[in-house]
Amino acid sequence: TDKNIEVAKGAANNAAADGAGITVDAGSNADKTWQWLDATDSWTSSEHIRVAADKHFGFANDPNTFIDGDGNDTINFTTNGTKRVSIVDNGNIGIGTTSPIDPGHQTLHIHESASGEPVRIHMSTVGTGATSGDGFSLSVDGDNSGVNLVQRESADIRFYTAAGAHPTSAEKMTIKSGGNVGIGS
């Protein structure tokens, strides 16, 4: 049995023409609409769109990539069928974990579940370039043998303390690109 609902079928009644769509007459209240807009190449709605807790918002051509929630105030981002990022009810963010640690304040928790693989935060700018050999990295060795600060440019690493933001903060220590260390100088 065909359960499709067709609205405005045919060229003369094209519901997908610019500005056209579906309108639910709400009587004395504002109508509810679902409209196509050529300018944004997308459907728009006059109302909130919600997805049930056991369903997800995804992409027709990539069923393994989607956004979902578990009904407990958590948003999950999934790629290649694996949950990659979770934002949980207290605002903490987990990358590689759906249960980020909760030390009592806002936390970004990055977890690598593959044995022996490092966890890395990599920062780069237009000036440094965007490859893995550019910028600055903070990493934890996968075998738990160390924490690494890596300046991938021929530049200094500087440490500051103060209530203000750099450059008004006081520089307390510098590791020069050649390896010399200056403390309080």
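Before reading on, note that the structure itself is shown above.
This report concerns the structure included in the present document.

Calculation criteria
Residues numbered from 1 in each chain as written. Predicted model: local features only at pLDDT ≥ 70, side-chain atom pairs only at ≥ 80, totals over all residues. Heavy atoms only, no water. Helix = DSSP H or I, 4+ residues; strand = E, 2+ residues; numbered from the N terminus. Buried < 20%, exposed > 50% of the residue type's maximum accessible area, 1.4 Å probe, protein only. Contact = heavy atoms within 4.5 Å. Areas by Shrake-Rupley, 256 points an atom, 1.4 Å probe, with all protein chains shown as cover. 1 Å grid on protein atoms, 1.4 Å probe; cavity = no way out; pocket = protein on both sides within 12 Å on 5 of 7 lines; lining within 4 Å. Points joined across faces, edges and corners; volume = space filled by probe spheres on them. Nonpolar A, V, L, I, M, F, W, Y, C, P; charged D, E, K, R; others polar. Patch = residues over 30% accessible without salt bridge, like charges linked within 9 Å, V, L, I, M, F, W, Y side chains within 5 Å. Salt bridge = Lys/Arg side-chain N within 4 Å of Asp/Glu carboxyl O. Lys, Arg positive; Asp, Glu negative; His and termini not counted. Charge placed at Lys NZ, Arg CZ, Asp CG, Glu CD. Pairing = 2+ DSSP bridges. Axes fitted to C-alpha atoms, helices over the stretch in contact; angles between N-to-C directions.

## Regarding the overall build of the chain
Per the secondary structure count, the chain includes zero helices and 15 strands. Here the chain holds 185 residues, and 14% of them are scored as buried. Of the contacts made within the chain by residues no fewer than 6 positions apart, 4% connect residues no fewer than 24 positions apart. When the accessible surface of the chain is summed, it comes to about 13,500 Å², and 52% of that surface belongs to carbon and sulfur atoms.

## Thoughts on the layout of surface pockets
Size it by volume and the largest pocket reaches roughly 340 Å³. Along the wall of the largest pocket there are 14 residues; nearest its centre are Ile 49, Arg 50, Val 51, Phe 57 and Ile 67. Elements supplying a minimum of two residues to the lining of the largest pocket: β4 (56-59) and β5 (62-69). Among the elements that make up the lining of the largest pocket, the one with the highest residue count is β5 (three residues). The residue inventory of the lining of the largest pocket, partitioned by class, reads eight nonpolar, three polar and three charged.

## A word on a negative patch on the surface
On the surface, Asp 70, Asp 73, Asp 89 and Asp 102 cluster together to form a negatively charged patch. Locating Asp 70 in the fold gives a position in the loop between β5 and β6 (75-79).

## A look at unusual backbone geometry
Positive phi, close to 50°, is recorded for Asp 41, a residue that is not glycine. Tracing the backbone shows Asp 41 in the loop between β2 (32-37) and β3 (42-45). The exposure class assigned to Asp 41 is exposed, which follows from its relative accessible area of 57%. One non-glycine residue with positive phi stands out, namely Asp 73, at about 60°. Note on placement: Asp 73 falls in the loop between β5 and β6.

## Some remarks on the pairing of β2
Looking at chain direction, strand β1 (residues 21-24) and β2 are connected through four bridges and run antiparallel. Bridging across to β2, Gly 21 finds its partner in Gln 35. With four bridges joining them, β2 and β3 adopt antiparallel strand pairing. Counted as the bridge partner of Gln 35 is Thr 44 from β3. Hairpin remark: β2 followed by β3, antiparallel, with four residues in the connecting loop; positive phi at Asp 41, about 50°.

## Examining the pattern of salt bridges
Counted according to the given criterion, the structure contains one salt bridge. Salt-bridge contacts for Asp 156 lead to Lys 176; the nearest nitrogen and oxygen are separated by 3.0 Å. Here Asp 156 is found in the loop between β12 (147-151) and β13 (157-161), whereas its partner Lys 176 is found in the loop between β14 (170-175) and β15 (181-183), with 20 residues between them in sequence.

## Observations concerning a nonpolar patch on the surface
Taken together, the side chains of Ile 121, Met 123, Leu 138, Val 140, Val 147, Leu 149 and Phe 159 present a nonpolar region at the surface, about 570 Å² in accessible area. Under the relative-accessibility criterion, Val 140 is labelled partly exposed at 37%.

## Quick notes on the sheet that holds β6
The six strands lie next to each other as β4-β5-β6-β7-β8-β9, forming an open sheet whose pairing is mixed. Edge positions in the sheet fall to β4 and β9 (108-110), since each of these pairs with one other strand and no more. Sheet twist, expressed as the mean angle between neighbouring strand axes with direction ignored, is 20°. Pairing analysis gives three bridges linking strand β7 (residues 82-87) to strand β8 (residues 93-95), with the strands arranged antiparallel. In the strand pairing of β8, Ser 86 is matched with Gly 94.

## Quick word on the environment of Asn 144
Residue position: Asn 144 is located in the loop between β11 (136-140) and β12. Sequence separation between Asn 144 and Gly 116 is 28 residues, and the spatial gap between their C-alpha atoms is 8.3 Å.

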